[in-house]
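# Descriptive structure summary
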There are 2 protein chains.
Amino acid sequence: MGPTAEPGPRPSTIQDVAREAGVSRAAVSKVIRNAYGVSEHMRAQVTAAIERLEYRPRVAARAMRGASFTLGFEIPQVGNDFLTMIVDGATEALADTPYQMIIAPLGRDQKGDVAINSLADRQVDGIVAIAPRVDPAWLERVAERTPLVMIGRHDRSDRYDTITGDDRAGAEQVMSHLFDLGHRRIVHLTIHPSRPEPPWAGQAGAEPHVVRTAVYRERMTAAGLEPQVIHTMFDGSEAHAATRALLDSPDRPTAIFAGNDTLAVGVLSAVAEAGLDARDVSVVGYDDVPIARHPLVSLTSVDQSGITLGREAVRLLLERLAGRTESVRYESPAVLRARRSSAEPRQA
Amino acid sequence: MGPTAEPGPRPSTIQDVAREAGVSRAAVSKVIRNAYGVSEHMRAQVTAAIERLEYRPRVAARAMRGASFTLGFEIPQVGNDFLTMIVDGATEALADTPYQMIIAPLGRDQKGDVAINSLADRQVDGIVAIAPRVDPAWLERVAERTPLVMIGRHDRSDRYDTITGDDRAGAEQVMSHLFDLGHRRIVHLTIHPSRPEPPWAGQAGAEPHVVRTAVYRERMTAAGLEPQVIHTMFDGSEAHAATRALLDSPDRPTAIFAGNDTLAVGVLSAVAEAGLDARDVSVVGYDDVPIARHPLVSLTSVDQSGITLGREAVRLLLERLAGRTESVRYESPAVLRARRSSAEPRQA
DNA sequence: ATGAAAGCGCTAACAT
DNA sequence: ATGTTAGCGCTTTCAT
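This text gives an overview of the structure that appears in the document. None of these values were measured; they are calculated from a predicted model.

## Comments concerning the protein's contact with DNA strand C
Residues in close proximity to DNA strand C total 28 residues, the closest being Ile 14, Ser 29, Arg 33, Tyr 55 and Arg 62 of chain B. Among all atoms of DNA strand C positioned within 4 Å of the protein, those belonging to sugar or phosphate total 63%. Between DNA strand C and the protein, one listed contact pairs a phosphate oxygen with a backbone N or O atom of Arg 58 of chain B at 3.3 Å. Looking at the surface near DNA strand C, the elements with two or more residues in it are α2 (25-32) and α4 (59-65) of chain A together with α2 (25-33) and α4 (59-65) of chain B.

Set out below in structure tokens:
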């Protein structure tokens, strides 16, 4: 114990407000919740008392009986630009509602379910989560108690809503684009799949990266070409290293299709450092994050409208909060944005 | 009301666990808090019951009596790479503690105090906030009730801890760097100051951007040059537009010192689009965000170690939680990272 | 339209 | 070492 700092006046409670306004606690509660059955006069009294006492309801106490007016977002990485777009869309959609957003990022070595649990423990009124590898059965259990919207899952549930981009169409466009430019030696670079392969994988639902990889394989095989897939961590530095190795290989690819823009930016840095350009090695990413548009980067990518994804997630959650119980599935279209990072190969 | 989905089994409470283990609620409480006075045998019983019932303590209920084991972070924008670095550092520092992090981003048109309040309402055990323009007197009131660490404030308080980079030294290095290269027509581009000027401004404390701007003015004036300061919004697109205008002006600057990297990246895009390079217009940013290191961007910037800032913030907060009451001030050194975006001007 | 009273799940005294 | 008890601040029946 350090020296006892005088604790300052205890923050006022609903009881204090009731006393100050000369009414009951229940009355104050009704006023702050805009509930039915308060006279104009009482509302004015109470509102004035609230101002005077600078009263703020404790969320914890509210959550124990009613709602917390909080929506929780679980996101795997704070620094990922694509996730940022989603959060921005959500923020916008939340602007004129009484709900506050809190974000639970994953801690080091943490999996998505930990952060989702932590939001549920906090009794948020609803959860939006991006957790492609969490067991759907487990998610359904969560969704029994807390309205849940999952982003980036191709499975379908009766309990929670799902939102995805059209990963199949997006990857198809990437492959067509590269083939049309004349590329044949195309390598696909993506993040490590879960190990061990979860038992529910390979069902109807597959994570976005897996879908993109599958399309890559299909298209390569259909064109009579040998697919080559390289797995890295998600942070781009491994993508950089893997690309260096590829560039030194005897049979250097003329194009690299990266599973997302974070990886693609890492790939581009290795290409640039080697003094090569798009005519030597074309690079295509996925997500169309803001930096892809930058003239110095100019990365060809697939736009699946992260902003819309976030906005829709909130909309669906608010619908559930308003009483909807049937589950909904929303798919955002994918559009290729061709830029200077992809070009016809110098040597066929 | 939609159709009533059967609500699933009510999640178990501490009471259920106590019954299952054949002990009292207090005993369970002690076990989950690792408190003093539990026998090995009881611990085993209780732990087993917890597993069996999949019991998870409700944070709201805990917060009403004891601690919520939650640390709240208020950050002005989710998409800002510098803030991301801070959060990453904090995540790392939190990894082996029982504390969970939640982030309260600002809603649209929201000010920092709203999000800080929302964290306080949630009864987090401590708050880290980045809110350069919030009234220090107000912050002290918050700090009376909730341990508080402010990042990016040059003021000093007896109530809360402050963490900053050495903005004066950083800006000095930028100006020296540009002068050494031979630049004379240097424009400073930064974010809009608060309007109206808050009454507490101009005291010992000033926000980082204001300090950087002040140093710019001092150095320009000392060199017998006319300072030119342009204000924009924080998101880079206005920086882009402002730069275009500058490039078209009869008296085009040979260097632009941007108040942070987000702005600098916007400036760079305008420079690149105009077909110009560092010999025409040099660009320097501040914060040394990851993209600055990218070979295609290669932005000269000032590294104030965002990771360290975040790590220190958590360390200071944990210290306060452990009983410290005297306030602490931490300053991170600033180091210029010269890259290809700055060079000797083609024409003196 | 308003108020009284019960209780949400937990922790912290205080017993024993 | 363990159990009993009294609330924390709020919302929600249920009276009036």
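Let's pick the thread back up.
## Looking at the side chain of Arg 153 of chain B
Residue and element names in this part refer to chain B. Mapped onto the fold, Arg 153 is located in the loop between β4 (148-151) and β5 (161-165). Among the polar contacts listed, one links the side chain of Arg 153 to the backbone oxygen of Pro 132, at a separation of 3.4 Å. There is a polar contact of 2.9 Å between the side chain of Arg 153 and the side chain of Asp 155. Ignoring sequence-local partners within four residues, the contact set of Arg 153 consists of Ala 131, Pro 132, Arg 133, Val 134, Pro 136, Leu 139, Tyr 160, Thr 162, Ile 163, Thr 164 and Arg 329.

## Describing the pairing of strand β2 (residues 100-105) of chain B
All names here are of chain B. Of all 6 residues that make up β2, 6 are buried, and the element is covered over most of its length. Side chains Gln 100, Ile 102 and Ala 104 of β2 all project onto a buried face; the interleaved residues Met 101, Ile 103 and Pro 105 project onto the opposite face, where all are buried too. With 6 bridges connecting them, strand β1 (residues 70-75) and β2 associate as parallel partners. Counted as the bridge partner of Gly 72 is Ile 102 from β2. The handedness of the β1 to β2 crossover, carried by helix α5 (residues 81-94), is right-handed.

## Remarks on the relation of the copies chain A and chain B
Between chain A and chain B, the superposition needs a rotation of 180 degrees and an axial shift of 0.0 Å, giving an RMSD of 0.1 Å. Expressed as a symmetry operation, the mapping of one chain copy onto the other fits a two-fold axis.

## A look at α2 of chain B
Residue and element names in this part refer to chain B. Within the span of α2, buried status applies to Ala 27, Val 28, Ser 29 and Val 31. Structurally, α2 contributes buried residues whose contacts are with α1 (14-21) and α3 (40-53). Just downstream of α2, Asn 34 is the residue with a positive phi angle, here 55 degrees.

Basis of the calculations
- Residues numbered from 1 in each chain as written.
- Chains lettered and ligands numbered in written order.
- Predicted model: local features only at pLDDT ≥ 70, side-chain atom pairs only at ≥ 80, totals over all residues.
- Heavy atoms only, no water.
- Near = heavy atom within 4 Å.
- Polar contact = N/O pair within 3.5 Å; in protein donor to acceptor, adjacent residues only side chain to side chain.
- Helix = DSSP H or I, 4+ residues; strand = E, 2+ residues; numbered from the N terminus.
- Contact = heavy atoms within 4.5 Å.
- Buried < 20%, exposed > 50% of the residue type's maximum accessible area, 1.4 Å probe, protein only.
- Pairing = 2+ DSSP bridges.
- Right-handed = clockwise from strand over helix to strand, strands pointing away.
- Least-squares fit on C-alpha atoms with pLDDT ≥ 70 in both.

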